[in-house]
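Remarks on the overall topology
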Amino acid sequence: MSRGRNNTKFTFIIFIIINIITPSSFLRFVQCQLPGELSPPQLPSPASLDLLTEIAYTRLENLTYNLLSTKFVQDYSFCIQDPEAEWNAAFNYSSDVSFLTACMVKTGDVTQRLCTAAEVAIYLDNLQRGGGYLKPNQNCNSSGWVSGCEPGWACRTDTEEPVDLKNSHYIPPRGSNCASCCEGFFCPYGITCMIPCPLGSYCPLASLNNNTGRCEPYAYQLPAGLPDHTCGGANIWADARTNTDVFCSAGSYCPTNTERQPCSSGNYCPMGSTDEKRCFKLTTCDPKTESQNIHAYGVMLIAALSTLLVIIYNCSDQIITTRERRYAKSREAAVRTVREKTQARARWRSAKEAAKKQAMQLSSQFSGRFSKRSPSDLDMAKILNRTEIEETPTHDSKRTELGHHLDIAYTKDDDQISIASSDYSEPAKRNTKKNKNTKEKEKDINTHSQIFKYAYSQLEKEKAQQQQNKNLTFSGVISMATDKDTKKRPLIEIDFRDLTVTLKGKRKNILRSVNGKIKPGRITAIMGPSGAGKTTFLSAIAGKAVGCTVNGTILINGKSVSIHSYRKIIGFVPQDDIVHGNLTVEENLWFSARCRLSADLPKPDKVLVVERVIDSLGLQTIRGSVVGTVEKRGISGGQRKRVNVGIELVMEPSLLFLDEPTSGLDSSSSQLLLRSLRREALEGVNICMVVHQPSYALFQMFDDLILLAKGGLTVYHGPAKKVEEYFTSLGINVPDRVNPPDYFIDILEGMIRTSSSSGVGYTELPVRWMMHNGYPIPHDMRINTEESLTPTVNMDNENADDRVFSDSAVEEKSFAGEVWQDVKANVEKKRDRIRHNFLRPTDLSYRRTPNVFLQYKYFLGRVGKQRMREAKTQAMDYLILLIAGACLGSLTKASDQNFGYGAYTYTIIAVSLLCKIAALRSFSLDKLQYWRESASGISSLAHFVSKDTVDLFNTIIKPVVYLSMFYFFSNPKSSFAYNYAVLLCLVYCVTGIAYALAIFLDPGPSQLFSVLLPVVLTLVSTQNHTSSFVKDLSNFCYPKWALEAFVIGNSERYYGVWLLTRCGALLRFGYNVHNWALRLSFLLLTGLAFRAVAFIGMVTLQKK
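The following refers to the structure shown. Quick caveat: nothing in here was measured; it's all calculated off a predicted structure.

Reading guide: rules and limits
Residues numbered from 1 in each chain as written. Predicted model: local features only at pLDDT ≥ 70, side-chain atom pairs only at ≥ 80, totals over all residues. Heavy atoms only, no water. Core = buried A, V, L, I, M, F, W, Y, C linked by side-chain atoms within 4.5 Å. Buried < 20%, exposed > 50% of the residue type's maximum accessible area, 1.4 Å probe, protein only. Helix = DSSP H or I, 4+ residues; strand = E, 2+ residues; numbered from the N terminus. Contact = heavy atoms within 4.5 Å. Phe/Tyr/Trp six-rings, centres within 6.5 Å; stacked < 30°, edge-to-face > 60°. Patch = residues over 30% accessible without salt bridge, like charges linked within 9 Å, V, L, I, M, F, W, Y side chains within 5 Å. Areas by Shrake-Rupley, 256 points an atom, 1.4 Å probe, with all protein chains shown as cover. Salt bridge = Lys/Arg side-chain N within 4 Å of Asp/Glu carboxyl O. Lys, Arg positive; Asp, Glu negative; His and termini not counted. Charge placed at Lys NZ, Arg CZ, Asp CG, Glu CD. Arc of directions from axis to C-beta. Pairing = 2+ DSSP bridges. Axes fitted to C-alpha atoms, helices over the stretch in contact; angles between N-to-C directions. Disulfide = S-S within 2.5 Å. Parallel < 35°, antiparallel > 145°, perpendicular 65-115°, else oblique. Left-handed = near helix turned anticlockwise from the far one by under 90°. Nonpolar A, V, L, I, M, F, W, Y, C, P; charged D, E, K, R; others polar.

Core analysis: the largest hydrophobic core is formed by 121 residues, its most contacted members being Phe-185, Met-194 and Tyr-962. Sorting elements by how many residues they give to this core places helix H31 (residues 976-1000) first, with 15 residues. Apart from the residues within four sequence positions on either side, Met-194 is in contact with Cys-103, Arg-113, Leu-114, Cys-115, Ala-154, Cys-181, Cys-182, Phe-185, Phe-186 and Cys-187. One finds Ile-451, Leu-665, Met-689 and Tyr-762 within the second-largest nonpolar core, a separate group that totals 61 residues.

Given below as structure tokens:
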């Protein structure tokens, strides 16, 4: 501590020496040049004295410029940014040197009374120690105490030799001709010399107050035992925290250090002012006012900001609403036009058929009368004035509207479907001329109306074709499958052999020895009791199994490649309805279509795809409705489920996985969903779905069935229509009026015992299936095989269950062993997730989706709409900031003594806390949606950057909202722009930290950390008198950087008489005026670094 105090003392000494030597050098110059003319009787005329003073001051300026480049100023640079400007603001008396002239006239020996560097060191050392009694020195000690040692008095040197004022080691003897200190100087207690008062001070001669015994306007008293001693001049210039006697009082201004004027009306004068400061317009400034009342500007700024925000939110929402309304009008107009054309075509066909029928009747009548020749086609064509019979598909004259459900009936002959599906593997030959005409036609489709007309005309054609093929025969299915105009998609077939999934760490089989194949163009249903591993099987073949060991072989189109190579054309519908609740149904579908469909697909075709899905899923009536969240109700649960499926359908997948898509749906909604999936299957889509006890009508719509027993063993895998036949062969018959799927699942659950005549227990069914297909039987299951060969033996279900699933039994371990096994399993699970997230296999889908920049554009539009619909939440954030700014601005004024240190400390805590909590919503509320989108191949970078871009609006506006109250209530001396710049960087920094907290932590802990971090880090940053470890730690805390920037920006507006106060405060806080830009750059870099960490965490730790 002593070493630090010595450094501080040396710094203060150096600074004051620079500022004291200059005027004393000037006076010594005058005395040297005119040695006999400085005494009052020998002074020339006043004009000559002024001329000599001006010449002397010119020499003073030259000397000052020489001193500016010395080491003295460099050592004191932590509180001086521009030495020349600081000297001019504190000690440039060129405008008025009357106080110097008056002192020359009064004493005649000014240079003999000025303090040397050694005497200044004694005074500053005393200030550093708290401002008590001075240490004894050569002139003032217990053995010798002259009147010049008293406060406000000074003496001249005992010799006539020139005094070396730069000498910091020698104190000249002073004891002769003691007198009161000159006006404009101060004479400290305990030393017998004078120091000039800085600009902004008021140093008149004191007068005795007989009532108090003090020498006013100062606080010292006359010494006892000296009856002839009178009050002198000023006695101290120190930090404003300890003494403000020489400071120009608030409400007044001091043009010189010997003159004080009251502040006039319309102006304000803070303490230490050298001139009046004009009040702004619309403010009130009474006479002798210390500060101007600028609350009106705060009210105006709040009103302007509120108006701007209201305009932005309302106009943006209005723009979105108007745009959607225009789209809706275009769409409705297109629907009417297409419907009218369809009805007109239907009427024309009806009229044509009637005319044809009448012509045939007339022809038969004429032929009967004149000849027996039957009418030929040529004759009928001539009657109709046509040269060729049109071969166009007929429409039902009573067509329904576009928004109605599709009524599609499918043949139940499995062989027909198989043949139709097999034809999809052959590429269809396209008509070159027709394609060319189609492309030329698409070039002419530009407006929304044209696009919707194109889309709905195509939908009408598809509906007409579906109506025509309503009752398909075998030849009809073949014709439809081989139709050249039918759109075909890339086919994906999955073949799995001996598929076994084992839970890591517990050696428990979730799936075991599953064999089979799921084919394109077919709907495969996966059924089984709870715990049978249905979702695990779906995740295993979809490449999403995490924390498990997958053994066996999975072939994609007969090749051993990763299924992730086809990620762009694979859809996965999760069991939970993971959709964006603050978007409409159409917006959810359109975003998925834009990001996942081929970038080369024309916009009219994209519109057709989306409209087809909306129409097929029966979402026409709610397409413009917000989906809704837990807090804000939207569409129904069944409609939400269909939207969940539609998000995957709009990307036109070749392979579609669905995890219980019919759960929570009524019978009609389930059938509507299955019809839509059936249409996808007709285009060659491989559909595999987990279903939990479907109705018989739904069960009839499945092509294939995979039935699993508990333990993940296969009981049946084949055509759904033949499952009853297979179980009948085992002696298990479905009773009348019982739904077969329910009956089979009840058997596998053990709720229904098989008849004794069948001789097959439910635990033997997996073995029977293996024997039926010739699959290898695991060793531990062969005992059931041997017993099952004896039909008269019906095993006890419970004992058999223990034997069948004996492989799941795990050896008993100690408690520590189990804990270690769980920890190891969790680590492996996280490792698998990270490996899956960074897995980048070769893309075999050959679909070029939009690049990162296009997806960033789509994300911007989506996030912008979401923020607009959260306008009330945003408004509440702004309101809380306004209240916080008003309270802190009113209760914690920006104190002049510490340059607003306390008020800015509370500001950092409040702004950090409020902005962090608000920023948590950006990534904590839609984690599930992000995980789903990322798993489908949508860019994570576009997702992150778009949200950060939209949040920049809040980053820019929130500092203005807070300062509009805080700044105009606390009224600091630093400008609004300075405070805004610091607060902007602070908000950017804490927003990045909030991103990381939201991504790495759950919502509860992230909110807790958002509250604790600002408080704890600010407390650490404000510990000035503590251990070196805490000080080093505070250098890495963002509140210290922000607080230092705030204080530096405010302290730079304090100069002149405030110079000692500024340097003392910055020294006490450990700040440096040169670090303002550096601290802001630290805040920005910290915000950027935490954003990078948050993005890495988002990509690395995501759950699929």
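For the coordinates displayed, the defined rule picks out 31 aromatic pairs. Summarising the aromatic geometry, the rings of Phe-496 and Phe-537 are spaced 5.2 Å apart at their centres and angled 75 degrees between planes, so their arrangement reads as edge-to-face. In this pair, Phe-496 sits in strand E11 (residues 494-503) while Phe-537 sits in helix H14 (residues 534-541), placing the two residues 41 residues apart along the sequence. The same class applies to Phe-496 as to Phe-537, namely buried. Here Tyr-967 and Phe-968 contribute two aromatic rings whose centre-to-centre distance is 5.3 Å and whose plane-to-plane angle is 85 degrees, an arrangement assigned as edge-to-face. Classification of Tyr-967 by relative accessible area gives buried; the value is 11%. Here Phe-968 falls in the buried class, since its relative accessible area comes to 12%.

Together, Arg-323, Arg-594, Lys-603 and Lys-857 make up a positively charged patch on the protein surface. With respect to the helices and strands, the residue Lys-857 is situated in helix H26 (residues 852-869).

Along helix H4 (residues 83-91), the positions that sit buried rather than exposed are Glu-86, Trp-87, Ala-90 and Phe-91. Projected down its long axis, H4 carries its buried residues within an arc of 100 degrees, all on one side.

Hydrogen bonds along the backbone pair up the strands of a sheet, which may run parallel or antiparallel. One open sheet accounts for six strands, arranged E15-E16-E17-E13-E18-E19; its pairing is mixed. Of all strands in the sheet, those with a lone pairing partner are strand E15 (570-573) and strand E19 (713-719), marking the two edges. Neighbouring strand axes in the sheet, compared pairwise and without regard to direction, differ in orientation by 15 degrees on average. As judged from the six bridges shared by strand E18 (residues 704-709) and E19, these two strands associate in the antiparallel manner. In the strand pairing of E19, Asp-704 is matched with Pro-719.

Cysteine pairs can be linked by a disulfide, which is a covalent bond between their two sulfur atoms. Applying the stated rule across the entire model yields 11 disulfides. Each sulfur of the disulfide joining Cys-155 and Cys-178 lies 1.7 Å from the other. The sign of the 100 degrees torsion about the S-S bond sets the Cys-155-Cys-178 disulfide as right-handed. Of the two residues, Cys-155 is situated in strand E1 (residues 153-157) and Cys-178 in strand E2 (residues 174-180); the sequence distance between them amounts to 23 residues. Taking relative accessible area as the criterion, Cys-155 reaches 0% and is therefore assigned buried.

Here we come to a nonpolar patch on the surface. On the surface, a nonpolar cluster with roughly 420 Å² of combined accessible area is contributed by Leu-1008, Leu-1012, Val-1015, Val-1016 and Leu-1019. Along the chain, the position of Leu-1012 falls in helix H32 (residues 1003-1021).

A word on the packing of H31 against helix H34 (residues 1038-1051). Closest axis-to-axis distance for the H31/H34 pair is 9 Å, and the angle between their directions is 175 degrees. One element, H31, and the other, H34, form an angle in the roughly antiparallel class. For the pair H31 and H34, contact is made by Tyr-978, Asn-979, Val-982, Leu-983, Leu-986, Cys-989, Val-990 and Ile-993 and by Tyr-1038, Ala-1042, Ala-1045, Phe-1046 and Gly-1049, respectively.

This part takes up the pattern of salt bridges. The full count for this structure, using the stated rule, is 28 salt bridges. Here Glu-587 makes a salt bridge to Arg-869, at a shortest N to O gap of 2.9 Å. In this pair, Glu-587 is assigned in helix H15 (residues 585-596) and Arg-869 in helix H26, connecting sequence segments 282 residues apart. For Glu-680, the salt bridge identified is with Arg-679, shortest N-O distance 3.5 Å. Take Glu-680 and Arg-679: they sit in the same class, and that class is buried. Beyond isolated ion pairs, a larger network of salt bridges with shared partners links Arg-489, Arg-679, Glu-680 and Glu-683.

This part covers unusual backbone geometry. Across the junction of Glu-216 and Pro-217, the peptide omega takes the value 10 degrees, indicating a cis bond. Within the element layout of this structure, Pro-217 appears in the loop between strand E6 (214-216) and strand E7 (252-256). Even without a glycine there, the phi angle at Asn-177 is positive, about 50 degrees. Tracing the backbone through its elements, the reader meets Asn-177 in strand E2. Positive phi, close to 60 degrees, is recorded for Lys-288, a residue that is not glycine. Overall, the relative accessible area of 61% leaves Lys-288 in the exposed class.

A word on the packing of H31 against H32. One way to put it is that H31 packs onto H32 with a least axis distance of 9 Å and a crossing angle of 150 degrees. By the angle between their axes, H31 is roughly antiparallel relative to H32. The two elements H31 and H32 cross, and the hand of that crossing is right-handed. In this structure, H31 uses Ile-993, Leu-997 and Ala-998 to contact H32, whose residues at the interface are Ser-1006, Phe-1009, Ser-1010 and Leu-1013. Tallied by class, residues from the contact of H31 with H32 come to five nonpolar, two polar and no charged.

Further remarks concern the sheet that holds strand E12 (residues 508-518). Spatially, E12-E11-E14 is the arrangement adopted by the three strands of the open sheet, whose pairing is antiparallel. Where the open sheet ends on each side, the last strands, each with one partner, are E12 and strand E14 (548-556). Along the sheet, successive strands turn relative to each other by an average axial angle of 5 degrees, direction set aside. One ladder, built from seven bridges, connects E11 with E12; its direction is antiparallel. Bridged to Val-501 within E12 is Leu-511. Each of E11, E12 and E14 is contacted by H14, which is oriented at about 120 degrees to E11, the strand it contacts most.

Structural measurements only, silent on function.
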